Every structure is written in structure tokens, then in C-alpha cells.
Amino acid sequence: MAAQARGEQGPPHTRATQERDRHLEQTRGYRFVAGRGPKPSATVRPAPLRYWQYDLPSRTALLFVLVVVTVWLGFFGWLGGAQAFRDEAPLAIGLGLIVLLLSICRYTVSDHGLSMDVAGSRTSPSNVVPLMLIRNVRLGDAPADWPKAARQGGRWPGRQRVAVRHLAEDGQTEKAFTHWVRDPKEFAAALGHRL
């Protein structure tokens with residue numbers, strides 16, 4: 001009866017879907033720069049986010065931009081010489097920087113789930129892990145008896161690796177991931193666990 005009063009009905013995968021939708025609703029009420037508060041256009045003031053941090057673009061994104069800008073400038077330099085290279089450089093470098101800025105991710109924990117949000121897009125429901133499916137949080141790498149952990153986020157000064165074990169959408173398959181976080185204890189507490 002208490003579960004129905006909270007709006008939690010049906011089997012675990014149905015509740016997980018409801019929690020995912022609630023997470024998306026709460027996070028979409030905030031700007032990408034979460035520290036500035038809710039969006040002015042939000043009709044209902046969302047609850048505060050439990051935890052968020054920003055991750056710089058991945059090495060793959062950085063390498064992709066570097067290759068594209070290099071090929072672009074090389075092509076124009078080869079066809080038009082040094083003057084064409086100088087003319088194209090500001091545009092190529094500027095667009096490369098815009099792509100990198102739009103590749104910054106916000107790692108977000110709400111009252112209902114956690115997700116990795118990319119600046120240039122909306123959060124995909126498939127990127128949300130409902131909090132009710134999280135089973136364990138550990139400092140460091142995932143233990144050997146856990147499923148193979150997907151690696152998320154990059155290593156940056158002052159960040160520590162945290163391993164998270166959770167259930168998949170079906171409520172039975174176990175999964176795990178690791179992420180570099182700025183404050184492991186605060187992150188674990190936001191997930192409802194202790195380190």
C-alpha cells in the first residue's frame with residue numbers, strides 16, 4: 001500500500017522505468033551548468049540535484065577533433081598554400097573548440113537515478129541508471145567477483161576511481177562501471193550508499 005502511495009507500482013522493471021522518467025524530469029529542469037539553479041522556464045521547481053560534476057571531453061573526442069582540424073588545414077594548405085592555411089585556421093580551430101565544448105559531460109545524480117549528460121544533447125533514457133537498481137559502491141577498481149566494469153570518465157588530478165555495481169533494466173542481470181569522481185564519499189552518499 002505504501003509503494004502505491006509513492007507511485008511505485010508493478011514489477012521492478014516497471015518501477016525502474018518510472019524512476020528513470022522521474023530522473024529525466026528532475027534533471028531537465030536544470031540548465032547544463034547545474035550550479036546556476038533551475039531553468040527559468042521550469043514551470044515546477046525541481047528538487048535539488050544530489051551530486052554533479054563535469055568531465056572534460058574524452059580522448060577519443062580530442063583525437064577526432066585534432067585529426068579533422070589537421071586534415072582540414074592540411075588540405076587547404078596543400079591546395080592554396082600558406083595564405084589559404086592562414087585564412088582557414090581561425091574557422092577550423094574555432095569549430096574544433098566548439099565541438100570539444102559540446103563534448104563536455106555532466107555526471108548527475110538526482111533523487112531517482114544517475115546519468116551522464118552531454119552538453120550538446122538531451123539525456124537519453126538508456127543512459128540513466130535508476131538508484132533503486134544500484135547494489136554496491138566501492139572506492140577503486142571493481143572487485144574480481146563483479147561483472148566486467150565499463151570505464152567512464154577520465155583520470156584528472158584530484159579525482160578518485162569509484163566502482164558501482166547495479167542491476168540492468170530486467171532486474172536480474174548484474175552490471176558494473178567505474179568513474180573518476182571528485183568526492184567519493186559525497187558521490188556514494190548521493191547514491192544512498194557508504195564507502
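Everything below is about the structure shown above.
Here the structure is a predicted model, which is why all the values come from computation and not from measurement.

Looking at the sheet that holds strand S2 (residues 105-109)
Strand order in the open sheet formed by four strands is S1-S2-S3-S4, and the pairing between neighbours is antiparallel. Each of the sheet's edge strands pairs with one partner strand only, and the pair in question is strand S1 (51-55) and strand S4 (128-130). Mean inter-strand twist for the sheet, computed between neighbouring axes without regard to direction, equals 15°. Sheet topology note: the S1/S2 ladder contains five bridges and is antiparallel. Along S2, the bridge assignment pairs tryptophan 52 with threonine 108.

A word on helix H3 (residues 59-101)
In a regular helix each residue adds 1.5 Å, so 43 residues correspond to 63 Å; H3 covers only 13 Å between its end C-alpha atoms and thus falls short of that length. Within the span of H3, buried status applies to Ala61, Val65, Val69, Leu73, Ala84, Glu88, Ala89, Ala92, Gly96 and Leu100.

Focus on a nonpolar patch on the surface
A contiguous nonpolar patch, built from Leu63, Leu66, Val67 and Val71 and spanning about 380 Å² of accessible area, is present on the exposed surface. In this fold, valine 71 is placed in helix H3.

Some remarks on the layout of surface pockets
Of the volumes computed, that of the largest pocket is approximately 490 Å³. If you go around the largest pocket, you meet 21 residues; those closest to its centre are Pro57, Ser58, Arg59, Gly153 and Gly154. The dominant element in the lining of the largest pocket, judged by the number of residues it contributes, is H3, at four residues. Residue classes in the lining of the largest pocket are distributed as eight nonpolar, eight polar and five charged. One number sums up the size of the second largest pocket: a volume of about 350 Å³. Lining the second largest pocket are 20 residues, with Ser126, Asn127, Val128, Val129 and His166 positioned closest to its centre. Broken down by secondary-structure element, the contributors of at least two residues to the lining of the second largest pocket are strand S3 (113-118), S4, strand S6 (150-152), strand S7 (160-167) and strand S8 (174-181).

What counts as what
Residues numbered from 1 in each chain as written. Predicted model: local features only at pLDDT ≥ 70, side-chain atom pairs only at ≥ 80, totals over all residues. Heavy atoms only, no water. Pairing = 2+ DSSP bridges. Helix = DSSP H or I, 4+ residues; strand = E, 2+ residues; numbered from the N terminus. Axes fitted to C-alpha atoms, helices over the stretch in contact; angles between N-to-C directions. Expected span 1.5 Å × (residues − 1). Buried < 20%, exposed > 50% of the residue type's maximum accessible area, 1.4 Å probe, protein only. Patch = residues over 30% accessible without salt bridge, like charges linked within 9 Å, V, L, I, M, F, W, Y side chains within 5 Å. Areas by Shrake-Rupley, 256 points an atom, 1.4 Å probe, with all protein chains shown as cover. Salt bridge = Lys/Arg side-chain N within 4 Å of Asp/Glu carboxyl O. 1 Å grid on protein atoms, 1.4 Å probe; cavity = no way out; pocket = protein on both sides within 12 Å on 5 of 7 lines; lining within 4 Å. Points joined across faces, edges and corners; volume = space filled by probe spheres on them. Nonpolar A, V, L, I, M, F, W, Y, C, P; charged D, E, K, R; others polar.

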